[in-house]
There are 2 protein chains.
Amino acid sequence: MIDTPLPADLLARFAAIVGERNALTDPDLVEPYLHEPRDLFHGRTGMVLRPGSTDEVAAIMRLASETRTTIVPQGGNTGLVGGQSPRSPREIVVSLSRMDKVRAVDPVGRTLTVEAGVVLKRVQEAADAAGLFFPLSLGSEGSCQIGGNLSSNAGGTGVLAYGNSRDLCLGVEAVLASGEIFHGLRRLKKDNRGYDLRHLFIGGEGTLGIITAAVLKLFPKPAGREVAYVGLASPEAALQLLRHAERLAGPQLSAFELMPRIGMEFTLRHRQGARDPLQTPHAWYVLIEISSSRSAEDARDTLEAVLTEGFEAGVVDDAVPAKSLAEANAFWAMREELSWAQKPEGGSIKHDVAVPVALVPEFLAKADRAVAEAMPGARVVAFGHLGDGNIHYNISQPVGADTAAFLARWHEMNVIVHGIVASMDGTFSAEHGIGQLKRDELAASKRGPEIELMRRIKAAFDPDDILNPGKLV
Amino acid sequence: MIDTPLPADLLARFAAIVGERNALTDPDLVEPYLHEPRDLFHGRTGMVLRPGSTDEVAAIMRLASETRTTIVPQGGNTGLVGGQSPRSPREIVVSLSRMDKVRAVDPVGRTLTVEAGVVLKRVQEAADAAGLFFPLSLGSEGSCQIGGNLSSNAGGTGVLAYGNSRDLCLGVEAVLASGEIFHGLRRLKKDNRGYDLRHLFIGGEGTLGIITAAVLKLFPKPAGREVAYVGLASPEAALQLLRHAERLAGPQLSAFELMPRIGMEFTLRHRQGARDPLQTPHAWYVLIEISSSRSAEDARDTLEAVLTEGFEAGVVDDAVPAKSLAEANAFWAMREELSWAQKPEGGSIKHDVAVPVALVPEFLAKADRAVAEAMPGARVVAFGHLGDGNIHYNISQPVGADTAAFLARWHEMNVIVHGIVASMDGTFSAEHGIGQLKRDELAASKRGPEIELMRRIKAAFDPDDILNPGKLV
C-alpha cells in the first residue's frame, strides 16, 4: 500500500463538502476513529469526514468516485473484525455519527425510520417512547450505531425470538460508490419488485454502499419479561432444556444463553459486587428469558412450566427465577460481563462460530479436546446463544503464560477450532462478520463459485474499488 | 424473437442428459407446461426437460452455456406473472418436478432439507410428520413447488406471524447459468460470511440460478388454532381491530384477512353449499386466526379477549368463532374462494398491491373512487392480508359488459390503481413477483440507480442471458 498522503487540495475539496468543523485531521481528534475494541488493528487515515446529511454523503462519494479516493464508512466503531478501520493515510473515514435523527415513527405499521448514526440504545428508546419494542440488543448498544449494526448484520441476544439485524429491517437508503442514492426506505411488509438489494447492503460491511438511513420493524412491547438462572451438568442438558422451552414457550422464548462455570468464576473474581445467583457451583449455566404479550404473570407461568419440566426430566439441577427487575438485570449482567471478565485473566483468543443447534454439545467436546491437546492449560470460556447454535468459543491463556507468546498462536488456534466447525457445516463468523480479520479465511473456505460471485457483485456496485477495499471480499 | 426451432442434434444432446423419457417434445405431453393459471401468456417451447438430480440440472446448464441455449426453469407452473412460461420454440423448459425428495429433517435445529420439486403441501406434511410446522400456506399449495415458492418469494396467509418465503429459508442450493453449483444448503441460524447470496436466488425468479434444494425453517406446532369470522362496517374498523389483536395476541396472531361483502355474495352465488357465517350482511369481513403454543383453550381465550375488546371499542359489529375444525375450514374456504368466485362473474383485472398498513383504508377509498370514475359499474373485489398491507385489488367487469372489451382495459386500470399505490410509497407487486407481466412497469417505476444495479447483478450471474431472459429485469 502506497503511504504518500493525499494531496492537500483534495482534502480541502472533501472538507468543503461537510465544512471545516466536520473534517478532522488533528491527530487528537482523529485518534478515536482509529482504535477498535480489541486493538487487533490500528487504523491510519488522511481525514475523518462527518457529513450531516445523505446529500453530503452523496457529494463525498461523487468526489471520491471522480478522484478514485478510498472511503471507509464508520458507525460507532465497535466492530470486532476491523471492517471499520482505515488502513492508510490515503483512506478517508466517513463517520455517520452526525446523522442521528429519528425521521419517522409509524405506530400502526410499527416501523421506525432512523438515520444511520442513531446509537442502538436510542433506537430502543425511540421504540419504547412509541409504546413499541425494538429487539436488537447487544453489549455495545450504548455506542454502536444502527447503520453499523445493519452493515454487519449484527446478532446479539434477541435473535432467538426476533432474528438478526437483517430480519429487523424493511428498507434502507444507501449512497453508492458513484454518489448515486439508492432510495429503498420502504415501509412495506411485502414487496416483490425484483432482486432484493436491501439484503446486499445489509451485511455488506460498507463495501457496496454506505447505509444512510433505514426503516426498522417494531414489535408489540412485551407485557411481561421474566428471567431465570439455571444450573446444569452439561451442554447436552442445556440442549434438552432448550427443547422443552421451545415446545412450551413457542415464540415467547426470547433468550437462551449458555455460560460455563469458568466464566462465572472470572466474573466473581474481577467484578465488584458480582455474586453467584445459585447456592452451589454448577458446570454450566443457562440464562432463560420468557416474554409474554399478555402479562408478567403469564410470563412467570410459562417460565415455571419450563423449569418444572426441566427438573422432572432431570436436566435442570438448580434454578432461580429473578424476583425483581434489579435481579433480572443482575442475571443479565452475569452474561454480559463474560467477555469483559476475561481481560484481567490475560490474553484471549476469540471465536464467533455457529453450528447446527443439535451439534453444539459435540462441537464443544471436540474443540475442548483439540485445544487441550494443542495448548495444555488453556482455559476455554465458551458461551453464547445456544438457541442460535452460536458460541463465542474464547480461549484464555494458561495461568502465568506469556501473553504475547499466547496471542501469537491466535491463527493456529483458529485453524483448529474452525476446522471442527467446518466439519459440521458450521460458520467461522456467525455474527461479527468478515472485515479484515477473516477476509483471507473467507476466500479460502468457500466452495464452488461463491467467492467469484461475491467479487462480481462487488465489481458491479463499486467498479473502482473505492468503498472499504480490503474488507470482506 | 427468432422462431426457428432449435436444431435436432442439440435437442438430442439435452435429451441424453435426462434420458428420452424425461425429455418431452410430444405436443400433448408438453401442453401442461405451457398454460399458466390466468391464461395471460401462452407458452411455446422446443422441449421440456425433467432432470432427476442437481447434477443433471448442472449438466443441462453446462450444455446451455456452451451452446447459448435459453433455459426457463419451472416448478408447479402456478405463478401469476408469467415468470415460468417459455416464450418461443428456442427456449427449453427445465421442470423441477422429478426432484421431489425430502433430503433431511432436523427436529432439534428445526429444519427440513427438501429438493425444489417438492409440492408445498408435501412440505407441510413432512413438517407435520416430524411434530413441527411449516407455515407457508397459499391457495395453490396442492400443486405449487417449494422451489417456485422460493424463486418468487411467495407470501400467502401465514406471513403475518411467520414472514414471507424469504424468511422461512436458511439456505439454498442452486445451479448457475455456467452449470456450476452454488452450495448454500446451510442449516445455520446465524452466518455472516460475506454477501448473503441466498437472498438473490430467493425472489430471483430463476433469472440468476435454478434453485435445486433448500433448507427450510420449521416451527413448533401450534397446540391450538382458533378462527373467528367478524363482520364490520369499514376497512378503518378492521384496522382498529388489527391493532387490538396485535396488542393482545402478539406473535399469536397468525392471520388477519380482510374481505368485502361483494366477495361473499359472489361465493354464495357460485359455490354450492357455501353459507354466510353471520346472521346479517356486513360491508366488510375479517377472518382472524389465533395460534397458541400452549393449548386450544389458550387460543380461544385470546381470541375471545380480542373480540370482546373489538365489540367494546365499537369496531366489531358481529363475530362468530368457529366451533369445530370443520367450521374453521369452512371459514377459511370463504376466504380462499374469493379469487375463484370472480370467474363466473366474467372478466377480472387483478392487482397485487401493498401500502404501509396504516394507509390501507385511504388506499381503498381513493382507488374505489378512481375506478368508479374511469369505469362506471365496475365491481371492486378488494381482499387480502390486511396485517401485511397487502390487498388483492381485483376488479370484476360491470354486469353484462363485453369481457374482451373489459379486459382490453387491463393496463389502463393498472395505471390508475398503481398510481395511487405509488403516491403512498407502496408496491405494485407485493407477493406475485414481476415475471413477464410487470417487467416493463418495474423498469419504468424504479427511481435512481436501482434497475441499473439489478441489470448489473443479472450480467454478473448470467453474462450470456440464457437463464429465463425477458423476465423480471
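Here, residues in each chain are numbered from 1, in the same order as that chain's written sequence. Chain A is the first chain written and ligand 1 is the first ligand written, with later ones labelled in order. Side-chain atom pairs in this predicted model are given and counted only at pLDDT of 80 or more, local residue features only at pLDDT of at least 70, and totals for whole chains, interfaces and linings cover all residues. With hydrogens and water stripped out, all remaining heavy atoms of the structure feed into the side-chain values.

**So, the confidence of the model for chain A**
Here is step 1 of the chain: For every residue, the predictor assigns a confidence score, pLDDT, that lies between 0 and 100. Chain-level pLDDT for chain A is 96 on average; 100% of the residues reach the 70-or-more range.
Here is step 2 of the chain: Of the two predicted TM-score estimates for the complex, the pTM is 0.96 and the ipTM is 0.96.

**Observations concerning the packing of helix α9 (residues 261-270) of chain A against helix α11 (residues 325-340) of chain A**
All names here are of chain A.
Here is step 1 of the chain: Closest axis-to-axis distance for the α9/α11 pair is 9 Å, and the angle between their directions is 85°. Taken together, the axes of α9 and α11 lie roughly perpendicular to each other. Facing Gly263, Met264, Thr267, Leu268 and His270 of α9, the residues of α11 in contact are Met334, Glu337, Leu338 and Trp340.
Here is step 2 of the chain: For the contact of α9 with α11, a count of residues per class yields five nonpolar, three polar and one charged. For helices, the fitted axis covers only the stretch in contact; all axes are lines through C-alpha atoms, and the angles between them, taken along N-to-C directions, range from 0 to 180 degrees. For helices the rule is a DSSP run of H or I covering at least 4 residues; for strands it is a run of E covering at least 2, with both sets numbered from the N terminus onward. Relative orientations are named as follows: roughly parallel for angles under 35 degrees, roughly antiparallel for angles over 145 degrees, roughly perpendicular for angles from 65 to 115 degrees, and oblique for any other angle. Every residue pair with non-hydrogen atoms within 4.5 Å of one another is taken to be in contact. Side-chain classes follow a simple rule in which Ala, Val, Leu, Ile, Met, Phe, Trp, Tyr, Cys and Pro form the nonpolar group, Asp, Glu, Lys and Arg form the charged group, and the remainder, Gly included, forms the polar group.

**Examining the environment of A:Ala104**
Residues and elements named next belong to chain A.
Here is step 1 of the chain: Here Ala104 lies in strand β5 (residues 102-106).
Here is step 2 of the chain: Between the C-alpha atom of Ala104 and that of Glu115, which follows or precedes it by 11 residues, the distance is 9.9 Å.
Here is step 3 of the chain: Residue contacts for Ala104: discarding those within four places in its chain leaves Thr111, Leu112 and Thr113.

**Section: the sheet that holds strand β1 (residues 23-24) of chain B**
Paired through their backbone hydrogen bonds, the strands of a sheet run either parallel or antiparallel.
All names here are of chain B.
Here is step 1 of the chain: Pairing is mixed in the open sheet, where four strands are placed in the order β1-β2-β4-β3. Strand pairing shows two members of the sheet lacking a second neighbour, β1 and β3 (70-74), which therefore form its edges.
Here is step 2 of the chain: For two strands to be treated as a pair, DSSP must find no fewer than two bridges joining them. Here β1 pairs with strand β2 (residues 47-49) via two bridges, running antiparallel. Its bridge partner lying in β2, Ala23 is registered against Leu49.
Here is step 3 of the chain: Running over the sheet, helix α1 (residues 8-18) touches β1, β2, β3 and β4 (91-95) and is turned about 20° from β2.

**Comments concerning the relation of the copies chain A and chain B**
Here is step 1 of the chain: Structural alignment of chain A on chain B gives an RMSD of 0.0 Å, achieved by rotating through 180° and translating 0.0 Å along the axis. What the superposition gives is, in effect, a two-fold axis relating one chain to the other.
Here is step 2 of the chain: Same-surface contact between copies: 100% of interface residues of chain A are shared with the interface of chain B. Least-squares superposition aligns the copies on the C-alpha atoms of those residues with pLDDT at or above 70 in both.

**Digging into the UniProt feature "domain: FAD-binding PCMH-type" (unreviewed entry) in chain A**
Here is step 1 of the chain: UniProt positions are given in the numbering used here, feature names are shortened, and annotations may be inferred rather than shown by experiment. Residues annotated by UniProt as "domain: FAD-binding PCMH-type" (unreviewed entry) correspond here to residues 41-221 of chain A.
Here is step 2 of the chain: Taken end to end, residues 41-221 of chain A has its terminal C-alpha atoms 39 Å apart, with 21% of it in helix and 25% in strand.

**Brief notes about helix α3 (residues 54-67) of chain A**
Here is step 1 of the chain: Given the number of residues in a helix, its expected span is that number minus one, multiplied by 1.5 Å. For α3(A), which comprises 14 residues, the first-to-last C-alpha distance of 20 Å matches the rise-based estimate of 20 Å (1.5 Å per residue) to within 8%.
Here is step 2 of the chain: To sort residues, take the accessible area from a 1.4 Å probe on protein chains only and compare it with the maximum for the residue type: under 20% means buried, over 50% means exposed, and anything in between is partly exposed. What α3(A) keeps buried is the set A:Thr54, A:Val57, A:Ala58, A:Ala59, A:Ile60, A:Met61, A:Leu63 and A:Ala64.

**Regarding the nonpolar core**
Here is step 1 of the chain: What we call a nonpolar core is a set of buried Ala, Val, Leu, Ile, Met, Phe, Trp, Tyr and Cys residues that are connected through their side-chain atoms within 4.5 Å. In terms of nonpolar packing, the biggest core is built from 90 residues, with A:Phe201 and B:Phe201 touching the most fellow members.
Here is step 2 of the chain: Discounting chain neighbours no more than four positions away, the residues touching A:Phe201 are A:Leu150, A:Ser151, A:Val172, A:Ala174, A:Leu176, A:Phe182, A:Leu208, A:Gly209, A:Ile211, A:Phe461 and B:Leu453.

**Digging into unusual backbone geometry**
Here is step 1 of the chain: One non-glycine residue, A:Glu205, lies in the positive phi region at around 55°.
Here is step 2 of the chain: Within the secondary structure, A:Glu205 sits in the loop between α7 (198-201) and β10 (210-217).
Here is step 3 of the chain: Phi at B:Asn153 is positive, roughly 45°, even though this residue is not glycine.
Here is step 4 of the chain: Along the polypeptide, B:Asn153 turns up in the loop between α5 (146-151) and α6 (159-162).

**Topic: the interface of chain A and chain B**
Here is step 1 of the chain: At the junction of the two partners, chain A supplies 86 residues and chain B supplies 86 residues.
Here is step 2 of the chain: Of the roughly 6,900 Å² buried between chain A and chain B, counting both surfaces, carbon and sulfur atoms make up 56%.
Here is step 3 of the chain: Buried area adds together the accessible area that both of two parts lose upon being put together, with accessible area traced by a 1.4 Å probe. Contact with chain B buries area across many residues of chain A, yet A:Lys190, A:Asn192 and A:Tyr195 alone supply 15% of it, more than any other trio.
Here is step 4 of the chain: Looking at the side of chain A that touches chain B, the elements with two or more residues in it are β9 (181-184), α7, α8 (235-249), α10 (296-312) and α16 (450-461) of chain A.
Here is step 5 of the chain: For the side of chain A that touches chain B, the element with the most residues is α16(A), which contributes eight residues.
Here is step 6 of the chain: Among the residues making up the side of chain A that touches chain B, the classes are represented as 35 nonpolar, 26 polar and 25 charged.

**Quick notes on the packing of aromatic side chains**
The way to describe two aromatic rings as a pair is by their centre distance and the angle between their planes.
Residue and element names in this part refer to chain A.
Here is step 1 of the chain: Planes of paired rings set the category: under 30 degrees apart is stacked, over 60 is edge-to-face and the rest tilted, where pairs are Phe, Tyr or Trp rings (Trp by its six-membered ring) whose centres lie within 6.5 Å. One pass over the structure, following the stated rule, counts 14 aromatic pairs over all chains.
Here is step 2 of the chain: Measuring from ring centre to ring centre gives 5.0 Å for Phe182 and Phe201, while their planes differ by 40°; the resulting arrangement is tilted. Of this pair, Phe182 sits in strand β9 while Phe201 sits in helix α7, placing them 19 residues apart in sequence.
Here is step 3 of the chain: Of the residues examined, Phe201 reaches a relative accessible area of 2% and is grouped as buried.

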